[in-house]
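Okay, here's what each chain looks like letter by letter:
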2 protein chains.
Amino acid sequence: MAASSYDFAPSAGEWITAPDVPLEQLKERFVDVEIPAVPASFEAYREALRDDLLPYLVNVASPRFIGHMTSALPEFVPEMSRWMAQLNQNVVKIETSKALTLLERQVLAKLHRLFFDRPLSAYRDIVQDPEHVFGVFASGGSTANIAALWCARNRRLIDAGIGKQDLASIGAFEAIRRLGYSGAAIVASPLAHYSIRKAVAVMGLGEQNLVLLEQDAGRRVSLGDLEQKLRWCEEHRKLVIAIVAVAGATETGTIDPLADMARIAAKRAIPFHVDAAWGGAFIFSDRHRYLLDGISLADSITFCAHKQMFSAQGGSICLFRDTNVAHCASVHADYQARRGSFDMGQYTLEGSRPAASLLVHAILHVLSKQGLAWLVDNSMEKVAHFKRLLASSSGFELIGEPQTNIVNYRYIPVALRGYGPMYSESESRKIDEAVEAIQQEQFLRGRSFVSRTRISDGGRKIAVFRVVLSNPLITHDDLRAVLEDQENLAASVVEGRTQTEIYRSAG
Amino acid sequence: MAASSYDFAPSAGEWITAPDVPLEQLKERFVDVEIPAVPASFEAYREALRDDLLPYLVNVASPRFIGHMTSALPEFVPEMSRWMAQLNQNVVKIETSKALTLLERQVLAKLHRLFFDRPLSAYRDIVQDPEHVFGVFASGGSTANIAALWCARNRRLIDAGIGKQDLASIGAFEAIRRLGYSGAAIVASPLAHYSIRKAVAVMGLGEQNLVLLEQDAGRRVSLGDLEQKLRWCEEHRKLVIAIVAVAGATETGTIDPLADMARIAAKRAIPFHVDAAWGGAFIFSDRHRYLLDGISLADSITFCAHKQMFSAQGGSICLFRDTNVAHCASVHADYQARRGSFDMGQYTLEGSRPAASLLVHAILHVLSKQGLAWLVDNSMEKVAHFKRLLASSSGFELIGEPQTNIVNYRYIPVALRGYGPMYSESESRKIDEAVEAIQQEQFLRGRSFVSRTRISDGGRKIAVFRVVLSNPLITHDDLRAVLEDQENLAASVVEGRTQTEIYRSAG
């Protein structure tokens with residue numbers, strides 16, 4: 001079975017984004033702040049969008065747009081999105097969703113079983129028992145992470161002896177103080193997504209409370225450092241709210257040593273959260289599931305269906321291993337989300353929300369485990385090929401060994417080749433500038449796209465290109481073309497050759 | 001111009017929800033937790049849904065489903081939702097959205113101008129200046145409220161003398177302590193949405209930090225009590241993070257005295273947040289805009305496009321009067337959301353998210369101010385009619401004077417009629433039980449639907465029906481039919497008459 005058996009939305013032509021109007025000019029087209037006074041026909045409106053907006057979006061379905069986690073989607077996903085809007089169910093409560101609340105519970109239970117590896121029989125009596133909460137849907141990985149840490153903090157305080165009612169009444173900070181702690185800490189992978197920093201900030205903590213761990217040579221959390229920092233927190237009476245690992249880091253695709261981290265967390269009864277927003281999908285693949293070894297020991301898992309399940313934006317999930325733990329952070333009201341009801345609004349950070357579970361349900365049925373596994377496996381084959389292309393090029397250098405399907409590399413200017421891998425400070429800066437200049441120009445030119453970031457490399461942050469190879473439409477030719485585009489851009493923006501010279505030498 | 005000039009999706013037949021399978025049985029159909037092993041055709045999947053799922057959803061488009069804020073949508077909204085999914089833009093950053101980030105800024109500026117009542121010229125130079133943030137999109141009113149309070153808290157601390165960098169480093173709680181406060185408080189309308197309690201909980205505060213105000217006879221915030229409670233906070237060295245008013249309370253539709261509350265907040269430099277998730281749409285109507293007098297003085301406003309702008313679920317907005325204030329709560333990363341960039345991810349609670357702004361843009365253009373005003377005005381006409389129906393009935397009693405298009409009422413059992421308005425404790429309980437029994441039965445029977453809640457009435461919480469009259473498809477006949485349905489249900493579940501007797505007497 002190949003990807004073609006479920007058609008992915010094709011890329012609309014060759015473009016990534018129309019380059020004829022530079023951003024500075026494009027801005028001028030979006031400055032009218034008057035609200036139209038009288039109605040217009042939808043058809044006219046839509047036609048205007050086709051000319052004025054569509055060419056200036058980003059063709060994320062293009063197989064040469066390989067810089068971010070957004071991709072081509074199966075063709076039935078937009079169709080299901082239309083259904084979702086047409087039905088306009090609001091899954092905050094059963095009165096505006098009825099069977100969809102039951103379906104959402106079922107979808108959450110399916111994913112719960114998949115990640116926590118339990119027997120079917122464990123679910124028979126609880127799938128539709130509202131006391132059991134397998135997880136919560138969230139609009140994105142960020143809110144799923146916030147939901148996880150909110151629940152972890154409350155569980156930790158309740159475990160430490162504060163009653164649930166007392167906690168609701170006095171609040172977490174007063175509870176921390178009363179328990180005699182000097183403060184709170186979240187101990188996290190240095191590659192944790194920046195939403196962990198958002199969570200820390202919203203929760204009233206600061207960067208000093210976010211204890212980032214050292215990483216080993218493979219850019220995975222150092223277990224020795226984890227033990228040491230936990231000891232430090234104990235010695236300084238810091239309540240560790242959660243240990244956060246990442247499974248498929250946004251920047252590098254790396255997966256932390258989940259099993260070992262889970263063991264260390266469990267020893268101290270600290271909630272262990274795994275942000276598998278990206279990498280969670282590897283669970284579908286018999287060949288690559290081993291990368292997630294230990295994830296079943298997590299207390300909570302963030303997973304995004306709009307990433308490698310190819311759902312529409314807005315389909316994230318926070319799963320809870322203990323199906324009772326969500327009660328630690330529940331909030332009720334009189335007109336809905338009543339205690340004991342089916343209303344999910346009592347457990348979600350969000351209130352009103354669309355039925356993203358319907359899209360996930362459709363994908364589980366139409367693509368199935370087989371299709372989702374194929375997508376992961378196919379993607380990893382592209383990684384192997386991309387590595388071969390980098391190895392055979394003279395200008396590009398692979399940075400780190402990709403564990404999943406996100407690859408970092410950089411361009412080394414001609415004048416600096418052969419002087420690596422140790423560069424002086426000024427040489428390193430030149431390489432960083434080259435990477436940044438190429439990537440910016442590439443976005444503006446709109447023929448192909450990779451992203452860039454800065455990652456730690458031998459104690460220094462270096463600029464790197466970042467490619468995400470999940471789009472099933474990517475071919476080997478596309479990968480070659482993206483690197484060629486970058487080489488041409490490098491020739492003009494880094495090596496200082498004019499376009500004419502480049503085309504002459506190419507011809 | 002009438003609503004019919006933009007077709008609203010018609011209700012699919014007569015049903016609200018198929019009553020043939022009671023919830024207890026329906027649950028049994030959603031218990032399989034296995035993930036399909038092999039792919040299925042989308043057509044087969046969709047056909048199965050038509051039979052197994054669709055009849056058991058809630059027909060929120062029906063003009064006899066008048067119990068919640070979900071409604072029929074204009075027909076072009078599902079079509080635009082399909083577009084949104086097909087384009088799969090991710091507006092967390094410009095690299096995956098480009099012109100849509102510009103369009104989102106433009107839509108936010110349009111709404112900003114609408115609510116804050118500024119001249120066009122004030123926007124000319126800043127609409128596309130990324131230093132100016134008019135607001136943030138959020139998946140729902142709940143997350144918009146959380147975003148508002150997050151920003152308010154940080155602004156308050158920065159105003160009080162903590163540097164932004166220091167705040168990010170030490171966190172809000174440590175900052176509150178260092179400033180010498182004994183704690184923090186959020187002072188709110190007693191009708192504030194339960195998401196304010198979610199915000200309080202996530203932020204590490206407790207119910208003791210949520211100071212709920214007394215209400216006047218019209219169920220609006222008592223200004224005297226506001227002044228008094230603010231003095232109490234000052235005397236007890238509580239830092240008031242925000243004063244929260246509601247404009248269109250979820251349960252009663254009431255709007256707090258915004259102008260007076262704004263004045264009181266400004267005097268003390270306390271951030272003033274208005275949750276206009278529901279009522280904000282009254283701004284479109286020349287006839288009813290006066291209800292929102294003073295909203296332009298708010299520091300932040302929550303507004304939901306999926307409510308009375310009839311967008312799809314997931315279209316909320318938090319607007320900031322001061323277009324620089326969002327910097328108080330910004331979070332950056334290396335690979336996106338870089339400082340000074342267009343990437344909205346640095347300001348939003350969420351990360352990856354769909355382009356809800358595109359739907360709002362479409363609605364502003366296709367329905368326009370005129371259409372949106374008509375929807376509000378038309379809805380208020382239904383309120384007047386519904387009040388007449390209640391007044392002319394013997395069994396129903398209006399509770400409170402509806403300020404907007406949410407109406408509360410209750411059913412008085414035959415045996416208790418004529419004994420009001422003062423009821424004994426046991427009589428009151430009987431009325432509450434009658435209301436609850438009728439509403440539950442009504443949901444299960446699925447011919448019509450109103451919701452219920454408990455609201456304060458003379459020092460006691462009483463059960464009331466709650467209708468939301470925004471759906472433009474509602475006719476006077478529908479309103480009569482809903483009340484007749486309730487009367488018939490009352491006869492069987494409250495007055496103890498059998499269905500046969502009811503039909504005999506009706507015939």
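Residues numbered from 1 in each chain as written. Chains lettered and ligands numbered in written order. Predicted model: local features only at pLDDT ≥ 70, side-chain atom pairs only at ≥ 80, totals over all residues. Heavy atoms only, no water.

(A) Region of interest: the overall build of chain A. Assigned secondary structure in chain A consists of 15 helices and 11 strands. On the principal axes, the C-alpha backbone points of chain A span a range of 75 × 60 × 50 Å. For chain A, the proportion of its 507 residues judged to be buried stands at 66%. Restricting the contact set of chain A to residue pairs at least 6 apart, pairs at least 24 apart contribute 72%. (Helix = DSSP H or I, 4+ residues; strand = E, 2+ residues; numbered from the N terminus. Buried < 20%, exposed > 50% of the residue type's maximum accessible area, 1.4 Å probe, protein only. Contact = heavy atoms within 4.5 Å.)

(B) Inspection of helix 10 (residues 258-267) of chain A at higher detail. All names here are of chain A. Of all the residues in helix 10, the buried ones are L258, M261, A262, I264 and A265. Buried residues in helix 10, looked at end-on, bunch into an arc of 165°, giving them a common side. Exposed residues pointing more than 90 degrees away from the buried face of helix 10 are listed as A266 and K267. Against the buried residues of helix 10 lie helix 9 (223-235), strand 4 (238-246) and strand 5 (272-275). Just past helix 10, the residue A269 takes up positive phi, approximately 55°. (Arc of directions from axis to C-beta.)

(C) Quick peek at the state of the cysteines. Residues and elements named next belong to chain B. Following the criterion strictly, the structure yields zero disulfides over all chains and no others. Unpaired in this structure, C304 has its nearest cysteine sulfur neighbour in C318, at a distance of 11 Å. The thiol sulfur of C328 is not disulfide-bonded, and the nearest other cysteine sulfur, from C151, lies at 5.3 Å. According to the relative accessible area criterion, C328 is buried, its value standing at 14%. (Disulfide = S-S within 2.5 Å.)

(D) Here's a closer look at the pattern of salt bridges. If you walk through the whole model with that rule in mind, you get 59 salt bridges over all chains. The partner of D286 of chain B in a salt bridge is R289 of chain B, with the nearest N and O atoms 2.7 Å apart. Owing to a relative accessible area of 66%, D286 of chain B belongs among the exposed residues under this scheme. Residue classification places R289 of chain B among the partly exposed residues on the basis of a relative accessible area of 30%. Each member of the salt-bridge network shares a partner with another, and the members are E425, R429, D432, E436, R454 and R460 of chain A. (Salt bridge = Lys/Arg side-chain N within 4 Å of Asp/Glu carboxyl O.)

(E) Representation of the pairing of strand 8 (residues 396-399) of chain A. All names here are of chain A. Sheet topology places strand 8 next to strand 9 (residues 406-411); four bridges connect them, and they run antiparallel. Bridge pairing links L398 to Y409 in strand 9. In textbook terms, the turn of a hairpin is the stretch between consecutive antiparallel strands, and for strand 8 and strand 9 this stretch comprises six residues, one of which, G400, has a positive phi near 75°. (Pairing = 2+ DSSP bridges.)

(F) View of the pairing of strand 4 (residues 238-246) of chain B. Residue and element names in this part refer to chain B. For strand 4, the tally of buried residues reaches eight of nine residues, placing the bulk of the element in the interior. Of the strand pairs in this sheet, strand 2 (residues 183-188) and strand 4 are connected by six bridges, and their pairing is parallel. Within the sheet, the bridge partner assigned to G183 lies in strand 4 and is K238. Bridge analysis of strand 4 against strand 5 (residues 272-275) gives four bridges, and the strand direction is parallel. Following the sheet pairing, V246 is matched in strand 5 by D275. Note that the unit made of strand 4, helix 10 (residues 258-267) and strand 5 has a crossover that is right-handed. (Right-handed = clockwise from strand over helix to strand, strands pointing away.)

(G) Layout of the packing of helix 5 (residues 141-159) of chain B against helix 8 (residues 194-202) of chain B. All names here are of chain B. At their nearest, the axes of helix 5 and helix 8 sit 9 Å apart, and the two run at 50° to each other. The orientation of helix 5 with respect to helix 8, classified from their angle, is oblique. As helix 5 packs across helix 8, the resulting crossing turns out to be right-handed. Taking contact as the criterion, the partners of G141, S142, N145, I146 and L149 in helix 5 are, on helix 8, S195, I196 and A199. (Axes fitted to C-alpha atoms, helices over the stretch in contact; angles between N-to-C directions. Parallel < 35°, antiparallel > 145°, perpendicular 65-115°, else oblique. Left-handed = near helix turned anticlockwise from the far one by under 90°.)

(H) Up close: the sheet that holds strand 10 (residues 451-457) of chain A. Residue and element names in this part refer to chain A. Taking strand neighbours across the sheet as the criterion, the four strands line up as 8-9-11-10 in an open arrangement whose pairing is antiparallel. Of all the strands in the sheet, just strand 8 and strand 10 have a single pairing partner and so form its edges. When strand polarity is set aside, the average angle formed by the axes of neighbouring strands in this sheet is 45°. For strand 10 and strand 11 (residues 460-468), the ladder comprises seven bridges, and the chain directions are antiparallel. If you follow R452 over to strand 11, its bridge partner there is F465. On the sheet, helix 12 (residues 368-391) packs against strand 8, strand 9 and strand 11 and is oriented at approximately 10° with respect to strand 9. Those strands touched by helix 13 (residues 425-445) are strand 9, strand 10 and strand 11, and its axis lies near 30° from that of strand 11.

(I) Spatial organisation of the domain arrangement of chain A. Residues and elements named next belong to chain A. According to the domain assignment, chain A consists of domain 1 (1-74 + 371-507) and domain 2 (137-334). One C-alpha centre belongs to domain 1, the other to domain 2, and the line joining them spans 31 Å. At the interface, 29 residues of domain 1 touch 25 residues of domain 2. Both faces combined, the contact of domain 1 with domain 2 buries some 2300 Å², and carbon together with sulfur accounts for 61% of it. Among the residues of domain 1 in contact with domain 2, M69, L372 and Q403 are the three that bury the most area, contributing 29% of the side total. Of the charged contacts, one joins D377 and R287 as a salt bridge, the two residues approaching to 4.0 Å between their closest N and O atoms. (Domains from an automatic or database assignment. Buried area = accessible area lost by both parts, 1.4 Å probe.)

(J) Spatial organisation of the interface of chain A and chain B. With 138 residues of chain A in contact, the opposing surface of chain B contributes 138 residues. Our enumeration of links across chain A and chain B arrives at four salt bridges. Taken together, the links from chain A to chain B amount to 70 residue pairs in polar contact (both at pLDDT 80 or more). It is helix 3 (residues 76-87) of chain A that contributes the most residues to the side of chain A that touches chain B, 10 residues altogether. (Polar contact = N/O pair within 3.5 Å; in protein donor to acceptor, adjacent residues only side chain to side chain.)

(K) Structural context of the sheet that holds strand 7 (residues 316-320) of chain B. All names here are of chain B. If you trace the seven strands from one edge of the open sheet to the other, you get 1-7-6-5-4-2-3, paired in mixed fashion. In the strand order of this sheet, the two ends are held by strand 1 (135-138) and strand 3 (210-212), each with one partner. Mean inter-strand twist for the sheet, computed between neighbouring axes without regard to direction, equals 20°. One ladder, built from four bridges, connects strand 1 with strand 7; its direction is antiparallel. The residue of strand 7 that forms the bridge with V136 is C318. Packed on one face of the sheet, helix 4 (residues 99-116) meets strand 1, strand 6 (300-304) and strand 7 and runs near 65° to strand 7.

(L) Spotlight on the relation of the copies chain A and chain B. With an RMSD of 0.0 Å, chain A superimposes on chain B once it is rotated by 180° and translated 0.0 Å along the axis. Taken together, the rotation and translation describe the operation of a two-fold axis. When the interface residues of chain A are mapped onto chain B, 99% of them are again interface residues, pointing to one common binding face. (Least-squares fit on C-alpha atoms with pLDDT ≥ 70 in both.)

(M) Quick peek at helix 2 (residues 42-52) of chain B. Of all the positions in helix 2 of chain B, only F42, Y45, R46 and L49 of chain B are classed as buried. Buried positions in helix 2 of chain B, seen along its axis, are confined to an arc of 95° and lie on one side of it. Looking at the buried positions of helix 2 of chain B, the neighbouring elements they touch are helix 3 and helix 11 (356-366) of chain A.

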